[in-house]
Amino acid sequence: MVFGLIHNPNVLSGSYFWTYSSLWVLLMVTKHRRAFKFTKTNVIMFILAYIMADVISAIVHIYLDHSTITNDGSVLDAQRRGFRYHHPLDHVAKKLLDPTFEPYYEMNYVYPYALFIIIIANFVNLTLRNFMVYLATMICLFQATHLYAHASILLEDPNYIDKAHVPWCISLLQKYHIILPPNHHKLHHEHKKHGINFAIFHGLTDPLINFIYTSFLKGY
Ligand SMILES: [Zn+2]
Ligand SMILES: [Zn+2]
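Here's what I pulled together on the structure shown here. Starting afresh in each chain, residues are numbered from 1 along the sequence in its written order. Chains and ligands are labelled sequentially in the order written, the chains with letters from A and the ligands with numbers from 1. A pLDDT threshold of at least 70 governs which residues receive local features in this predicted model, and a stricter bar of 80 or more applies before side-chain atom pairs are shown or counted, although totals over entire chains, interfaces and linings include all residues.

Examining unusual backbone geometry
Quick note on the threshold: Helix numbering and strand numbering both begin at the N terminus, where a helix is a DSSP run of H or I of at least 4 residues and a strand a DSSP run of E of at least 2. Exposure criterion: with C-beta atoms placed from backbone coordinates, a residue whose C-beta has 20 or more other C-beta atoms within 10 Å is buried, one with 12 or fewer is exposed, and one in between is partly exposed.
Of note, the phi angle at His177 is positive, near 60°, even though the residue is not glycine. Here His177 lies in the loop between α8 (168-175) and α9 (182-190). The backbone of His194 sits at a positive phi, close to 50°, despite the residue not being glycine. Structurally, the position occupied by His194 is in the loop between α9 and α10 (206-217). The partly exposed category is assigned to His194, around which 18 C-beta atoms lie within 10 Å.

Observations concerning helix α3 (residues 40-66)
In plain terms, the rule: Each residue after the first adds 1.5 Å to the expected span of a helix.
Here α3 is 27 residues long and its end C-alpha atoms lie 40 Å apart, about the 39 Å a rise of 1.5 Å per residue gives. Along α3, the residues classified as buried are Met45, Ala49, Ala53, Asp54, Ile56, Ser57, Ala58, Val60 and His61.

Details of the nonpolar core
The condition that has to hold: To count as a nonpolar core, a set of buried Ala, Val, Leu, Ile, Met, Phe, Trp, Tyr and Cys residues must be joined through C-beta atoms within 7 Å. We call two residues in contact whenever the C-beta atoms placed from their backbones are within 7 Å.
In terms of nonpolar packing, the biggest core is built from 35 residues, with Ala53, Leu135, Ala136, Met138 and Ile139 touching the most fellow members. Elements represented by at least two residues in this core include exactly α3, α6 (111-120) and α7 (126-155). Broken down by element, this core gets its largest block of residues, 15 residues, from α7. Those residues within four positions of Met138 in sequence are excluded, and the remaining contacts are Ala49, Tyr50, Ala53 and Phe201.

Quick look at the structure:
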């Protein structure tokens, strides 16, 4: 069922977004309340999830940049195209400034997978369950951190400076490298073959990912 939803282009509609979001909030306030408890184990699990989410974002990005576009009309194929075509920064600028673009629908791409993790989390012990809750939540956020990095890149461009807007709290998180900093992500776009800095959540794992990519995956 989950993969059926991912394959369906209607998954990008607003009704899906509100359904997923409501389900998410419902699960958090009922099933997974204990993930919000401030304990030493939860802090460690949160940090591990923070690292793991960044690595997953890089793996997904490497896959989408390198897999073949099949034009089969699926959402996965639309994502492949989206990532491949978003490399010229002007293209992203047009997309972000298009008044019909609904950035929060981007979360629909990952919501079904993340909800799947949340459901599986019910069958494991509490420590692992909380780790999975943090991980799934962060996975939902990584397209947002990616888009905000691009919005901040626009702010540096004299052609777009008046049109882009980034909330101050997001700029602060970017400045301290807690979420993806614009200049860090810009290197991916400016690289000749887009072969560096694949992570789109915060990018702190990029040195390791870059090493693995250049050592073992360059021909992929
Ligand atoms: Zn890319
Ligand atoms: Zn990008």
